[in-house]
Amino acid sequence: INGLTITELTSLLNKAFLEFVKYPNVEITIDEYRPLSVLVQGEVSKSQIYTLDGTIQVNATSRINKANYFPTVFDAIRAGGGITDYADLSRVEIIRKETLSNNGGKKKAIVNLLAERNGELNSQNIRIYSGDIITVPKGNKRLSDTDFGFMKNTLNPEFITIFVAGKVQNPGKINLPQRSTLNNAIELAGGTRVLPGKVKLIRVNNN
C-alpha cells in the first residue's frame with residue numbers, strides 16, 4: 001500500500017472484499033503519522049533536507065480525544081533556520097509528488113506568505129507532505145522593515161546558536177533568544193574573567 005492515499009486504499013480494499021462481502025464498507029483511520037522529509041532551499045538560513053514530525057499533538061489529554069496539528073510551509077521554513085533579508089515571500093514555490101490516482105508525476109504551487117498579514121493564513125500557509133520541495137526565491141530588493149520584522153518574528157526560530165570564546169567563564173556554544181544582545185551572550189557564558197581585553201564580534205552576513 002506504499003504511496004496510496006486513504007481514499008485510494010479504501011477503494012482498493014472495498015473491491016477486494018467484494019469477493020466475500022456483498023456490501024463492503026471499509027473504514028481506515030491513521031493511528032500515528034510517520035516523520036516527513038522535505039527539501040527547503042533558497043533564501044533560508046540553511047538549504048538542505050529536513051525531517052519534521054508527521055503530526056504534533058495539541059492539547060491532548062488522552063489517545064481518544066487527541067488533536068493533531070500538521071506541519072505547514074511555515075514550519076518547514078523555520079526548520080531551515082528562517083528567512084534572509086532578501087527572501088521573496090510573495091512567491092514561495094512548493095513542488096509535490098502527485099497521487100497515483102492522479103497519474104503520479106509532480107505538481108507545483110506558488111503561495112504568497114505575505115498574505116498572512118491580510119488574514120489569508122489558512123489559504124497560503126498550506127500543509128506539507130513528505131517529499132515536498134520548498135523554494136524561497138530571492139527578491140529584487142531587500143524586504144521592507146515592516147515586512148521583514150513581521151515575517152522574521154513569524155518564520156525565524158525562537159532561539160539562535162552562537163559561539164562565545166576567550167576570557168569568559170564558560171566558553172562554547174550557547175542558545176539564546178532571537179532578540180538577545182551582546183551583553184546577554186557574555187552573561188550566559190558566565191561573564192568575563194579578569195582582564196578580558198577588547199570584545200570582538202564576528203557575524204556571517206546573508207550574502
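Use the structure listed above.
These figures come from a predicted structure and were not determined experimentally.

Trainee: So what exactly am I meant to see when it comes to the sheet that holds strand E7 (residues 133–136) here?
Mentor: Hydrogen bonds along the backbone pair up the strands of a sheet, which may run parallel or antiparallel. The sheet built from five strands is open, its strands ordered E2-E1-E7-E5-E6 with mixed pairing. In this open sheet, the two strands that pair with only one neighbour each are strand E2 (48–52) and strand E6 (106–111). Ignoring strand direction, the axes of neighbouring strands in this sheet form an average angle of 25°.

Trainee: Looking at this structure, how should I read the environment of Ile 133?
Mentor: By secondary structure assignment, the location of Ile 133 is in strand E7. Overall, the relative accessible area of 23% leaves Ile 133 in the partly exposed class. Separated by 92 residues in sequence, Ile 133 and Gln 41 have C-alpha atoms that sit 7.9 Å apart. Leave out the neighbours within four places in its chain, and Ile 133 touches Leu 39, Gln 41, Glu 93, Ile 94 and Ile 95.

Trainee: Please clarify how the packing of aromatic side chains should be interpreted in this entry.
Mentor: Within the structure shown, the criterion is met by one aromatic pair. Seen in terms of ring centroids, Tyr 33 and Phe 70 are 5.1 Å apart; in terms of plane orientation they differ by 75°. Their pairing is edge-to-face. Taken together, the residues Tyr 33 in the loop between helix H1 (6–17) and strand E1 (36–42) and Phe 70 in the loop between strand E4 (67–69) and helix H2 (73–79) connect sequence positions 37 residues apart. Taking NZ or CZ as reference, Lys 138 lies 5.7 Å from the ring centre of Tyr 86, over its face.

Trainee: Whenever I open this one, the pattern of salt bridges confuses me. Can you help?
Mentor: Close approach of charged atoms lets side chains of opposite charge pair. All told, the structure shown has five salt bridges when counted by the stated rule. Between Arg 78 and Asp 75 there is a salt bridge, with the nearest N and O atoms lying 3.0 Å from each other. On the criterion of helical spacing, the pair formed by Arg 78 and Asp 75 is a turn pair, its members being three residues apart in helix H2. Residue classification places Arg 78 among the partly exposed positions, given a relative accessible area of 30%. For Asp 75, a relative accessible area of 15% corresponds to the buried category. A salt bridge links Asp 132 to Arg 96, with the nearest nitrogen and oxygen atoms 2.7 Å apart. Taken together, the residues Asp 132 in the loop between helix H3 (121–124) and E7 and Arg 96 in strand E5 (residues 92–97) connect sequence positions 36 residues apart. By relative accessible area, which is 1% here, Asp 132 ends up buried. Look at Arg 96 and you get buried, because its relative accessible area is 15%.

Trainee: I keep staring at the nonpolar core and nothing clicks. Help me out?
Mentor: Across soluble globular proteins, you tend to see nonpolar side chains buried next to one another. Counting 24 residues, the largest nonpolar core has Leu 89 and Leu 113 as its most contacted members. Counting only elements with at least two residues in this core, the list comes to E1, E2, H2, E5, E7 and helix H4 (145–155). Per-element tally for this core: the top contributor is H2, with four residues. Formed by six residues, the second largest nonpolar core is a distinct cluster that contains Ile 174, Leu 176, Ala 185 and Ala 189.

The rules behind each value
- Residues numbered from 1 in each chain as written.
- Predicted model: local features only at pLDDT ≥ 70, side-chain atom pairs only at ≥ 80, totals over all residues.
- Heavy atoms only, no water.
- Pairing = 2+ DSSP bridges.
- Helix = DSSP H or I, 4+ residues; strand = E, 2+ residues; numbered from the N terminus.
- Axes fitted to C-alpha atoms, helices over the stretch in contact; angles between N-to-C directions.
- Buried < 20%, exposed > 50% of the residue type's maximum accessible area, 1.4 Å probe, protein only.
- Contact = heavy atoms within 4.5 Å.
- Phe/Tyr/Trp six-rings, centres within 6.5 Å; stacked < 30°, edge-to-face > 60°.
- Lys NZ or Arg CZ within 6 Å of the ring centre and 35° of its normal.
- Salt bridge = Lys/Arg side-chain N within 4 Å of Asp/Glu carboxyl O.
- Core = buried A, V, L, I, M, F, W, Y, C linked by side-chain atoms within 4.5 Å.

Distances and angles like these do not, on their own, reveal function.
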